[in-house]
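Structural features, examined
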Amino acid sequence: RRQALLASSTGPGRTADGEPVQLLLNIGEGDPGAAAVHDSEGVGLMRTEFLFLDRAQPPTVAEQTSAYTRLFTAFQGRTVTVRTLDAGSDKPLAFVDTGSEDNPALGVRGYRTARERPGLLTDQLKAIAAAARETGARVRVMAPMVSTPDEAAGFAELARAAGLEEVGVMVEVPGAALLADHLMRRVDFVSIGTNDLAQYTMATDRTLGTLPDLLDPWQPALLSLVGTVGAAGLHHGRPVGVCGEAAADPLLALVLVGLGATSLSMAAPALPAVRHALARHTRDECARLAGLALAAPGAAAARKAVRDAADPEI
Ligand code: PEP
Ligand code: MG
């Protein structure tokens, strides 16, 4: 019965009372044509690191333009959100020398790389803009690891100067989440990366396998930061996405929507169950579930409270 319910869930994301919640894909290396076959409203996170990894030199603008053109062509008519290079930390690059860092997750990574190597970012933006001009996708661009409103403004200026119109930042540092109100004035949208936001909120290295309870995305402290960003997005009329692994858990997806997420981005296999969960709860019910999770003293209690209150069919 559950299989049949999932199979019958198609089309755009909607709550039971018809509120749209865009359902998007996280993609990276691989054939964009194959990704485009899935029933999604577009791409919420295109990780671009694969274009830069295992190379002695960065890819040229022309090389990058052809990769982005393939992607945008495959998703013609849909939204495609490209994340600029997230180098450093768990994604080191041969041609970016960050020196030796004792704590690379706290060092020069993501947007911070542009301090030393601005050309890497401006070339990438140039290539994304050129590909966007050639194709019919609705292209959005966002920077990883933005920590301050000034950094958000700096990125937005570079991206708009390159000719890109929809510019956003990822919120994956608690400091950025706390100043979400200021971020919203500088960019067109934000997307919350719960993988890194959990790591930095709970002071727990995401590459360790030994502390899974602390990295649990049900941690109420993490959800509280998501709520801060969601409220700021609502106040400023800016879309707030979630593109970390948390969005792929159907029960947690309800909580994220209750906290103000307007889109959820995930790996393709997770889409049907999240779509189905949304279709069985109204926006108000999602808000009530979010309240239960926020009021819990820990991750396990939050999950249980929401599990007990949500529709048992999901
Ligand atoms: C995140 O941090 O949640 C995220 C989506 O980005 P990545 O996993 O690539 O760091
Ligand atoms: Mg991240």
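Residues numbered from 1 in each chain as written. Chains lettered and ligands numbered in written order. Predicted model: local features only at pLDDT ≥ 70, side-chain atom pairs only at ≥ 80, totals over all residues.

1. Some details on the UniProt feature "binding site: Mg(2+)" (unreviewed entry) in the protein
Put simply, the rule is: UniProt positions are given in the numbering used here, feature names are shortened, and annotations may be inferred rather than shown by experiment. Using C-beta atoms placed from the backbone, we call a residue buried if 20 or more other C-beta atoms fall within 10 Å of its own, exposed if 12 or fewer do, and partly exposed for counts in between. Working definition of a contact: two residues with C-beta atoms, positioned from the backbone, lying within 7 Å.
Listed under "binding site: Mg(2+)" (unreviewed entry) in the UniProt record, and renumbered for this structure, are Glu-172 and Asp-196. What stands out for the annotated residues spanning 25 residues is how close their C-alpha atoms remain, the widest pair being 5.3 Å apart. The exposure class assigned to Glu-172 is buried, which follows from the 26 C-beta atoms found within 10 Å. When near neighbours in sequence (up to four residues on either side) are disregarded, Glu-172 contacts Pro-144, Met-145, Gly-193, Asp-196 and Leu-197.

2. With respect to the site of ligand 1
Using the following cut-off: The criterion for a residue being near a molecule or strand is simple: its C-beta atom, placed using the backbone, must lie within 6 Å of it. Every helix listed is a DSSP run of H or I at least four residues long, and every strand listed is a run of E at least two residues long, numbered separately from the N terminus. Under the convention adopted here, Pro, Cys and the residues Ala, Val, Leu, Ile, Met, Phe, Trp and Tyr are nonpolar, Asp, Glu, Lys and Arg are charged, and Gly plus all remaining residues are polar.
In the neighbourhood of ligand 1, the contacting residues comprise Leu-45, Arg-47, Asp-86, Glu-172, Gly-193, Thr-194, Asn-195, Asp-196, Cys-243 and Gly-244. Elements supplying a minimum of two residues to the shell around ligand 1: β2 (42-47) and α9 (194-201). Among the elements that line the shell around ligand 1, the one with the most residues is α9, at 3 residues. In terms of residue class, the shell around ligand 1 is made up of 2 nonpolar, 4 polar and 4 charged.

3. Overview of the pairing of strand β5 (residues 166-171)
Where we set the bar: Two strands qualify as a pair provided DSSP detects at least 2 bridges between them. If the strands point away from the viewer and the path from the first strand over the helix to the second runs clockwise, then the crossover is right-handed.
Along β5, 5 of the 6 residues are buried, which leaves the element largely enclosed by surrounding structure. Where strand β4 (residues 138-143) and β5 come together, 4 bridges link them in parallel fashion. Bridging from a neighbouring strand, Val-141 pairs with Val-167 of β5. In terms of handedness, the path from β4 via helix α6 (residues 149-161) over to β5 forms a crossover that is right-handed. In this structure, β5 lies alongside strand β6 (residues 189-192), joined through 4 bridges in parallel fashion. When the bridges of β6 are listed, Val-171 appears paired with Ile-192.

4. Some details on the UniProt feature "binding site: phosphoenolpyruvate" (unreviewed entry) in the protein
Listed under "binding site: phosphoenolpyruvate" (unreviewed entry) in the UniProt record, and renumbered for this structure, are Arg-47, Arg-83, Asn-195, Asp-196 and Arg-206. Mapped onto the elements of the fold, Arg-47 is located in strand β2. Assessed through the 17 C-beta atoms surrounding it within 10 Å, Arg-47 is described here as partly exposed. Non-local contacts of Arg-47, meaning those with residues more than four positions away in its chain, are made with Gly-28 and Arg-83. Within the secondary structure, Asp-196 sits in helix α9. Owing to 23 C-beta atoms within 10 Å, Asp-196 belongs among the buried residues under this scheme.

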